[in-house]
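The residues making up each chain are set out below.
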Amino acid sequence: MTSPYRSIVVLTGAGISAESGIQTFRASDGLWENHRVEDVATPEGFASNPVIVHQFYNGRRHQLQQPHIRPNPAHSALARLEYEMSQRPDHKFLLVTQNIDNLHERAGSRELVHMHGELLKIRCAESGLIFEHRDNLQVGDECRCCRVPGNLRPHVVWFGEMPLEMPRITRALDECDLFLSIGTSGNVYPAAGFYESAKSSGAHTVELNLDPTHSHFDEHIYGQASEIVPAFVDRVIRQLDPLT
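Residues numbered from 1 in each chain as written. Predicted model: local features only at pLDDT ≥ 70, side-chain atom pairs only at ≥ 80, totals over all residues. Heavy atoms only, no water.

Asker: How do you make sense of the sheet that holds strand β5 (residues 130-132) when you look at a structure like this?
Answerer: One key point about sheets: their strands pair by backbone hydrogen bonds, in either a parallel or an antiparallel sense. The strand order β5-β4-β6 describes an open sheet built from three strands, whose pairing is antiparallel. The strands lining the two open edges of the sheet, one partner per strand, are β5 and β6 (152-156). The sheet shows a mean angle of 45 degrees between the axes of neighbouring strands, taken without regard to direction. Packed on one face of the sheet, helix α4 (residues 50-64) meets β4 (117-124) and β6 and runs near 135 degrees to β4. (Pairing = 2+ DSSP bridges. Helix = DSSP H or I, 4+ residues; strand = E, 2+ residues; numbered from the N terminus. Axes fitted to C-alpha atoms, helices over the stretch in contact; angles between N-to-C directions. Contact = heavy atoms within 4.5 Å.)

Asker: Hey, could you run me through the nonpolar core in this one?
Answerer: The nonpolar side chains of a soluble globular protein tend to be buried, and buried together. Judged by nonpolar contacts, the single largest core of 26 residues is most densely connected at Ile8, Val10, Leu78, Leu81, Leu208 and Val229. Elements that contribute at least two residues to this core include exactly β1 (7-12), α5 (73-86), β2 (92-97), β7 (178-182), β8 (204-209) and α9 (225-239). With near-sequence residues (within four places) excluded, Val229 lies in contact with Ala74, Ala77, Leu78, Ile182 and Leu208. Residues Leu94, Ala172, Cys176 and Tyr195 belong to the second largest nonpolar core, which totals 18 residues. (Core = buried A, V, L, I, M, F, W, Y, C linked by side-chain atoms within 4.5 Å. Buried < 20%, exposed > 50% of the residue type's maximum accessible area, 1.4 Å probe, protein only.)

Asker: It is not clear to me how the pairing of β2 should be interpreted in this structure. Could you clarify?
Answerer: Looking down a regular strand, the side chains alternate between one sheet face and the other. Buried residues dominate β2, accounting for five of its six residues. Relative to β2, β1 is paired through six bridges, and the arrangement is parallel. Its bridge partner being in β2, Val9 is matched across the sheet by Leu94. Where β2 and strand β3 (residues 112-114) come together, three bridges link them in parallel fashion. For Thr97, the partnering residue across the bridge sits in β3 and is His114.

Honestly, it's all geometry; don't read function into it.
Laid out in structure tokens, this is it:
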């Protein structure tokens, strides 16, 4: 029996990266400890004390580039699902991540939206131009486009700012027939509303998470992402239309 799924949208959150050693924001030992959210993740915090904000993201950038931080089997499975979908005519796939790390890319994902930005990029606050950046960023660093010190900020969506590429995400949710939510509590909007959008379009919805979230998905699978995601992806791929 072939799969009815020809358009898949996947949402990933901190849970998928936690198994690769990336600290999560909201865990008791997470990165928000010793920092108020308002101080390091809002435009107001950056305007008030850019030194602290840069120090915070410099630390995260440094952590992400440590040798032991690598994609895990869940990241690799999603890249494989994308590849399999791409080999079939009229099949669509979009991976939307709330994470600002680059583990999905390193695993091979290409049809990918970082709705909350990317840690290894910086942005000019004046022009909006985005640059790759892997080193520390300081307040006095000169922007390469406007040549003005102090105009550079992390390319990260802070609280109170609009997530990136929402029109593209909305279109994909309206068209999808399978929606997967992986490693996210589903408490933060607009991502928390993706389930309702997909459901209203007739999609089958599946939650894959470490712990129950008391949500109303059609299907719930609980456990370590590195175990349950590859198993679920195998199940979907076995049901895809045969390659001709």
